[in-house]
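# Chain and residue survey
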Amino acid sequence: MMVKQHMLFTLYSICGIVLKDILAVSVAATKNKVRGAQGQVPLVQNMTVTEGGTANLTCRVEHNDNTSLQWSNPAQQTLFFGDKKALRDNRIELVRATSQELTISISEVSLSDEGLYTCSLFTMPVKTAKAFLTVLGVPKKPEINGLTKPVLEGDHITLTCVTSGSKPAADVRWFKNEMEVKGAKEVNASGKTFTVKSSLRLHVNRDDDGVAYTCRVDHVALTATHEETTQVLEVHYAPYVEIRQSTNVPQEGQYLKLQCVPKGNPSPDPVLWTKDGGELPDMDRMIVDGRDLTFTSLNKTDNGTYRCGATNHLGTSHAEFKLVIYDPNELKRATDHALIGGIVAVVVFATLCLIIVLGRYLARHKGTYLTNEAKGADDAPDADTAIINADGNHAHAEEKKEYFI
């Protein structure tokens, strides 16, 4: 009986030791697992993508014991659990799935995809990291309104440039040809995007005819280029005329062309040539070819006032040219006289300069002599005594002689 009791006591002791060891091992394993889980942290980065582009979302864990990773969208819908796709969206694809990384891609990104995406690491407890996906709205090609063709000189018009769909709001700029001009900007929100309008008020004149006004849109989503629209102004205005001559000194027997240059829109064709208020007298020597009046051989009878007139539906304009024919011989004599007169003028001028310089020289030396001669005259009763009393007497008298030329 005593033997049986001893054996039972021994057996109970052994079982107690074994259970204690098992419990110690289990507690240690649990502590190690918790310590390992505490070292696992998911890492993500915020992303910015242009509307219509592709966004890659990456979640990494430096140390992982094969714990699963998961991506979910802003609505907390699971996109991928490990390498298993959870949401039926053909735009979302798996790029890479390992124990330390889960990367997915979202193609054809829209503004509705913007928001906070969550990467979850299923440890105890679950650890998460959040990445914000920013979607840039691309501005549409701008439109220019308010331009009617043609515009009349003196009109006031307002050009308005409008672009929509930008996020954030686009920058709208005006250019007159290549020079930037300032417009009045207005921004209106429409849902997640913005509509931007810029107005440019113009007082039109003839110098604006053919000028290109460009509306340019700059935006962070337009990395390679910018969107722009150009309109060219067509301005109608009354004509004005000028006459150009082929030679400045028309002479007898010479050829002469008078060119009538009208500027107007619409173009004022044809032009009308007259002389002294009447028709051209000699059509054999005076040839009208379009806008040009040509004299094949000038003579004194061609002297007079010639007028060119041009008209369009907005008005009429004239320009006059007074023609004076010169005799070649008289011109030669006049040229010779002018040359001789020029030479005489140069000689007279040089002589005057020489006289002035010589006079200044003589005046300076004469003043010096008188000044020295006057020395000693203060106390002298007469001129002879003054000379005798001059500084240095005879020796200095020789110095006085040095001032004479």
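Scope of this entry: the structure provided in the associated data block.

The rules behind each value
Residues numbered from 1 in each chain as written. Predicted model: local features only at pLDDT ≥ 70, side-chain atom pairs only at ≥ 80, totals over all residues. Heavy atoms only, no water. Helix = DSSP H or I, 4+ residues; strand = E, 2+ residues; numbered from the N terminus. Buried < 20%, exposed > 50% of the residue type's maximum accessible area, 1.4 Å probe, protein only. Contact = heavy atoms within 4.5 Å. Areas by Shrake-Rupley, 256 points an atom, 1.4 Å probe, with all protein chains shown as cover. Patch = residues over 30% accessible without salt bridge, like charges linked within 9 Å, V, L, I, M, F, W, Y side chains within 5 Å. Salt bridge = Lys/Arg side-chain N within 4 Å of Asp/Glu carboxyl O. Disulfide = S-S within 2.5 Å. Pairing = 2+ DSSP bridges. Phe/Tyr/Trp six-rings, centres within 6.5 Å; stacked < 30°, edge-to-face > 60°. Lys NZ or Arg CZ within 6 Å of the ring centre and 35° of its normal. Axes fitted to C-alpha atoms, helices over the stretch in contact; angles between N-to-C directions.

### With respect to the overall build of the chain
For the chain, the count of helices and strands is four helices and 26 strands. Across the 405 residues in the chain, those meeting the buried criterion constitute 31%. Counted over contacts in the chain with a minimum sequence separation of 6, partners at least 24 positions apart contribute 61%. For the chain, the exposed area adds up to about 25500 Å²; of that, 56% sits on carbon and sulfur atoms.

### Quick look at a nonpolar patch on the surface
Nonpolar side chains collect at one region of the surface, where Ile340, Val344, Val348, Leu352 and Ile355 lie side by side and expose about 460 Å² of accessible area between them. Tracing the sequence through the fold places Ile340 in helix α2 (residues 328-373). Looking at Ile340, the relative accessible area reads 52%, which means it is exposed.

### Examining unusual backbone geometry
A cis amide bond links Lys149 with the next residue in sequence, Pro150, at an omega value of -5°. In this fold, Pro150 is placed in the loop between β11 (143-145) and β12 (151-152). A cis amide bond links Asp269 to the next residue, Pro270, at an omega of -5°. With respect to the helices and strands, the residue Pro270 is situated in the loop between β21 (256-265) and β22 (272-275). Phi at Gln76 takes a positive value of approximately 65°, unusual for a residue other than glycine. Inspection of the secondary structure assignment puts Gln76 in the loop between β4 (69-72) and β5 (78-81).

### Quick word on the pattern of salt bridges
Counting across every chain of the model gives 18 salt bridges. In this structure, the salt-bridge partner of Glu242 is Arg244, at a minimum N-O distance of 3.4 Å. A relative accessible area of 32% means that Glu242 is categorised as partly exposed. The class of Arg244 is partly exposed, set by a relative accessible area of 40%. Of the charged contacts in the structure, one is a salt bridge between Asp269 and Arg291, with a shortest N-O distance of 2.8 Å. Within this pair, whereas Asp269 is found in the loop between β21 and β22, its partner Arg291 is found in the loop between β23 (286-289) and β24 (292-295), the two being separated by 22 residues in sequence. Look at Asp269 and you get partly exposed, because its relative accessible area is 48%. Here the salt bridges do not stand alone but share partners, grouping Arg60, Arg96 and Glu101 into one network.

### Remarks on the state of the cysteines
Overall, the coordinates contain three disulfides when judged by the stated rule. Between the sulfur atoms of Cys260 and its disulfide mate Cys308 the distance is 1.7 Å. An S-S torsion of about -70° defines the bridge between Cys260 and Cys308 as left-handed. With Cys260 in strand β21 and Cys308 in strand β25 (residues 304-312), this pair connects stretches of sequence that are 48 residues apart. The same class applies to Cys260 and to Cys308, which are both buried. Each bonded cysteine of the chain gets a number by its place in the sequence, and the pairs then read 1-2, 3-4, 5-6.

### With respect to the pairing of strand β20 (residues 235-245)
Bridging between β12 and β20 involves two bridges; their strand directions are parallel. Each bridged residue has a counterpart across the sheet, and for Leu152 the counterpart in β20 is His236. Bridge analysis of β20 against β21 gives seven bridges, and the strand direction is antiparallel. Following the sheet pairing, Glu242 is matched in β21 by Val261.

### Things to note about the pairing of strand β13 (residues 156-166)
Of the strand pairs in this sheet, β11 and β13 are connected by three bridges, and their pairing is antiparallel. Residue pairing in the sheet places Glu143 in a bridge with Val162 of β13. Taken together, the nine bridges between β13 and strand β17 (residues 193-203) define a ladder with antiparallel strand orientation. Residue pairing across strands places Cys161 opposite Ser198, the latter belonging to β17.

### Here's the deal with the packing of aromatic side chains
For the structure shown, the criterion picks out two aromatic pairs. Judged by centre distance (5.4 Å) and plane angle (85°), the ring pair of Phe295 and Tyr306 falls under edge-to-face. In this pair, Phe295 is assigned in strand β24 and Tyr306 in strand β25, connecting sequence segments eleven residues apart. Like Tyr306, Phe295 is buried. When the ring centre of Phe175 is taken as origin, the NZ or CZ atom of Arg216, which lies over that ring, is 4.3 Å away.

### Notes on the sheet that holds β25
One open sheet accounts for three strands, arranged β22-β25-β26; its pairing is antiparallel. The open sheet has two free edges, formed respectively by β22 and β26 (315-323), since each of these has just one partner strand. Pairs of neighbouring strands in the sheet enclose a mean axial angle of 20°, with direction left out of account. Where β25 meets β26, nine bridges bridge the pair, whose relative direction is antiparallel. Paired with Thr311 across the two strands is Thr316, which belongs to β26.

Purely geometric numbers; function is a separate question.
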